[in-house]
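Fold and contact review
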Amino acid sequence: MGSSGAGKTSLLNILSNRLATTKNATTSGKITANGYPVQEISYTSFSAYVTQEDILIGTLTPRESISFVAYMKIGAKGQKLDEKVD
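All residue numbers refer to positions counted from 1 along the written sequence of the respective chain. Given that this is a predicted model, residues contribute local features only at a pLDDT of at least 70 and side-chain atom pairs are listed and counted only at 80 or more, while totals for whole chains, interfaces and linings are drawn from all residues. For the side-chain quantities, the full set of heavy atoms in the structure was used; hydrogens and water were omitted.

Each helix and strand in the chain was counted, giving 3 helices and 2 strands. Here a helix means four or more residues in a row that DSSP labels H or I, a strand means two or more in a row labelled E, and each is numbered from the N terminus. The order of α-helices and β-strands along the chain, N terminus first, is α-β-β-α-α. For every residue, the accessible area obtained with a 1.4 Å probe (protein chains only) is divided by the maximum for its type, and the residue is called buried under 20%, exposed over 50%, and partly exposed between those limits. Classification of the 86 residues of the chain by burial places 14% in the buried group. Nonlocal contacts in the chain, meaning residues at least 24 apart in sequence, comprise 24% of its contacts between residues at least 6 apart. Of the roughly 7300 Å² that the chain leaves accessible, carbon and sulfur atoms contribute 53%. Contacts are residue-level and defined by heavy atoms, with any inter-residue pair within 4.5 Å sufficient. Methods summary: accessible areas were calculated by the Shrake-Rupley approach with a probe of 1.4 Å, and residue burial reflects only the protein chains presented.

Written out as structure tokens, the structure reads:
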């Protein structure tokens, strides 16, 4: 994808609206998802990414880790949780 410092994390932060305003950073242009401006839709309802510094519980399987995050983020349980994870 690119070498260190190429801007991969910055791009993901911009796309996910995680860009820190304290860095005096500005963006321009139009960001759309599925043809809709990101500001008009809940981008987090269908997309997310895990930051490089995220710490996972080493004893959980990947599915258990994703299920745990889904439960904590959206509060899904049972069949709804399984649908989100699958």
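So, next bit.
This paragraph deals with the packing of helix H2 (residues 62–74) against helix H3 (residues 78–85). To obtain each axis, a line is fitted to C-alpha atoms, and for helices this fit is confined to the stretch in contact; angles are then taken between N-to-C directions over 0 to 180 degrees. Running from N to C, H2 and H3 cross one another at 115°; their axes reach a closest spacing of 10 Å. For the pair H2 and H3, the sense of crossing is right-handed. Contacts between H2 and H3 pair Arg63, Ile66, Ser67, Ala70, Tyr71 and Ile74 from the former with Leu81, Asp82, Lys84 and Val85 from the latter. Put simply, a crossing is left-handed when the front helix is turned counterclockwise from the back one by less than a right angle, and right-handed when it is turned clockwise.

Attention now goes to the pattern of salt bridges. Salt-bridge detection follows one rule: a side-chain nitrogen of Lys or Arg within 4 Å of a carboxyl oxygen of Asp or Glu. The final tally for this structure, using the stated rule, is 2 salt bridges. Residue Asp82 pairs with Arg63 through a salt bridge whose shortest N-O separation is 3.6 Å. Residue Asp82 is located in helix H3, and its partner Arg63 is located in helix H2; the two are separated by 19 residues in the primary sequence. We classify Asp82 as partly exposed; its relative accessible area is 35%. Across the salt bridge formed by Asp86 and Arg63, the nearest N and O atoms sit 3.0 Å from each other. Here Asp86, found in the segment after H3, pairs with Arg63, found in helix H2; they are 23 residues apart in sequence, far enough to count as distant. Linked through salt bridges whose partners overlap, the residues forming this network are Arg63, Asp82 and Asp86.

Turning next to the side chain of Ser65. Following the sequence through the fold, Ser65 ends up in helix H2. Residue class for Ser65 comes out buried when judged on its relative accessible area of 12%. Apart from residues lying up to four places away in sequence, Ser65 is in contact with Ile57 and Leu60.

On to the environment of Ala33, then. Note on placement: Ala33 falls in strand E1 (residues 32–33). On the basis of relative accessibility, which here comes to 8%, the residue Ala33 falls in the buried class. Once the C-alpha coordinates of Ala33 and Leu15 are considered, the two residues, 18 residues apart in sequence, prove to be 9.2 Å apart.

Looking at the element boundaries, Ser67 is found in helix H2. Residues in contact with Ser67, not counting those within four places in the same chain, are Leu81 and Val85.

Without other data, these values stay purely geometric and don't point to any function.
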